[in-house]
Amino acid sequence: EALRYYEKALANFYRLNDIYGLTIALTNIGSIYHEIFGDIKRAYVYYEKSYQYSRKTGDPFSEAEGLLAMAEMHWQMENRRAFVQDIAILNRLMPGIKSAELSAIFVLAQIKLRAWNGDLPGVRLKADELRALLRRIKNDLLIMESIAALINIIYQYDPSGSLDKITPPVRSIEKTLRKIESPLKQVKILRALVKYHLLAGNPARAGRYFRGWEDISARYGIKGEAEEIAALRPKIQI
């Protein structure tokens, strides 16, 4: 239903030649195809259009926001060359942008690049930078999502690394998890908690979060989680 309304809004923004409206509507449609339907190729088309319009605004914030979304697409599509180019442009854009949210997303992108290059000391150094940045932020949901994203990277690229530094924020997330209202946000954070406890050698506790992750994904039709749920299920004790 949200998609139907976004598409109506998109048609109106085209008619009005509202550039900012176009970037927002295109990004939101892209996020539905990406995060709900798990259709990365179709999502990419919308994100790419949004980014092209963001460049027309002349607003560095809008351009950086669009480019960070593109970088995430290139990461998931394993297009290393495009991802490296995205980071190079962001290195020029980000110093002039004062946004805690975009800064956190950018540092996560830098961590991914180092992980991709096998630079584990660089991953850990940037992870320290991210945690320092998050300590200055009052947005609890942004903190939880950033730590969840960091856990995903550690699980994939640095599983032998120490978990000590992320244990305190994980404990905080576990205490406040019930306050999250969005099912989409819930599944992202539950997925990270599953991976954290698998890394910590506690498959039974991972299983507790796995049940919630799987149940919420099924209940709300969040198909974008299906592939990872299937991949992790054999490792879980339920």
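Look a little higher up for the structure.
Residues numbered from 1 in each chain as written. Predicted model: local features only at pLDDT ≥ 70, side-chain atom pairs only at ≥ 80, totals over all residues. Heavy atoms only, no water.

A. Focus on the environment of K126. Mapped onto the elements of the fold, K126 is located in helix α7 (residues 120-134). A relative accessible area of 13% means that K126 is categorised as buried. Note: C-alpha distance between K126 and E65 (61 residues apart in sequence) is 20 Å. A distance of 2.8 Å separates the side chain of K126 from the side chain of E129, its partner in a polar contact. (Helix = DSSP H or I, 4+ residues; strand = E, 2+ residues; numbered from the N terminus. Buried < 20%, exposed > 50% of the residue type's maximum accessible area, 1.4 Å probe, protein only. Polar contact = N/O pair within 3.5 Å; in protein donor to acceptor, adjacent residues only side chain to side chain.)

B. Spotlight on the environment of L130. Tracing the sequence through the fold places L130 in helix α7. For the pair L130 and P183, spaced 53 residues apart in sequence, the C-alpha to C-alpha distance is 25 Å. Beyond its immediate sequence surroundings of up to four residues, L130 is in contact with A104, V107, L108, I111, S146 and L150. (Contact = heavy atoms within 4.5 Å.)

C. The arrangement of the side chain of S99 in detail. Take S99: it is sitting in the loop between α5 (80-93) and α6 (100-116). A relative accessible area of 14% places S99 in the buried class. Here L102 takes part through its backbone nitrogen, which lies 3.2 Å from a polar atom of the side chain of S99.

D. Here's a closer look at the layout of surface pockets. The space that makes up the second largest pocket amounts to roughly 290 Å³. Along its surface, the second largest pocket is lined by E174, K175, L177, R178, I180, Q186, L190, R208, Y209, G212 and I216. Contributions of two or more residues to the lining of the second largest pocket are made by α9 (167-176), α10 (183-199) and α11 (203-219). Broken down by class, the residue content of the lining of the second largest pocket amounts to five nonpolar, two polar and four charged. (1 Å grid on protein atoms, 1.4 Å probe; cavity = no way out; pocket = protein on both sides within 12 Å on 5 of 7 lines; lining within 4 Å. Points joined across faces, edges and corners; volume = space filled by probe spheres on them. Nonpolar A, V, L, I, M, F, W, Y, C, P; charged D, E, K, R; others polar.)

E. Region of the structure containing the nonpolar core. Residues I111, L130, L150, I189, V194 and W213 are the most contacted members of the largest nonpolar core, which totals 44 residues. Listed by contribution, the elements that provide at least two residues to this core are α6, α7, α8 (140-157), α9, α10, α11 and α12 (226-232). Those residues within four positions of W213 in sequence are excluded, and the remaining contacts are V187, L190, R191, V194, E225, E228, I229 and L232. (Core = buried A, V, L, I, M, F, W, Y, C linked by side-chain atoms within 4.5 Å.)

F. Quick peek at the packing of aromatic side chains. All told, the structure shown has eight aromatic pairs when counted by the stated rule. Aromatic pair Y14 and Y53: ring centres 6.2 Å apart, planes at 65 degrees, arrangement edge-to-face. With Y14 in helix α1 (residues 2-16) and Y53 in helix α3 (residues 40-57), this pair connects stretches of sequence that are 39 residues apart. Under the relative-accessibility criterion, Y14 is labelled partly exposed at 38%. Judged by centre distance (5.6 Å) and plane angle (90 degrees), the ring pair of F210 and W213 falls under edge-to-face. One end of the pair is F210 and the other is W213, both in helix α11 and three residues apart, which spans about a single turn. Residues F210 and W213 agree in their burial class; the two are buried. Here a set of aromatic residues connected by ring pairs shows up, and it is made of W75, F83, W116 and Y157. The ring of Y5 carries the charged tip of R4 above its face, separated from the ring centre by 4.8 Å. (Phe/Tyr/Trp six-rings, centres within 6.5 Å; stacked < 30°, edge-to-face > 60°. Lys NZ or Arg CZ within 6 Å of the ring centre and 35° of its normal.)

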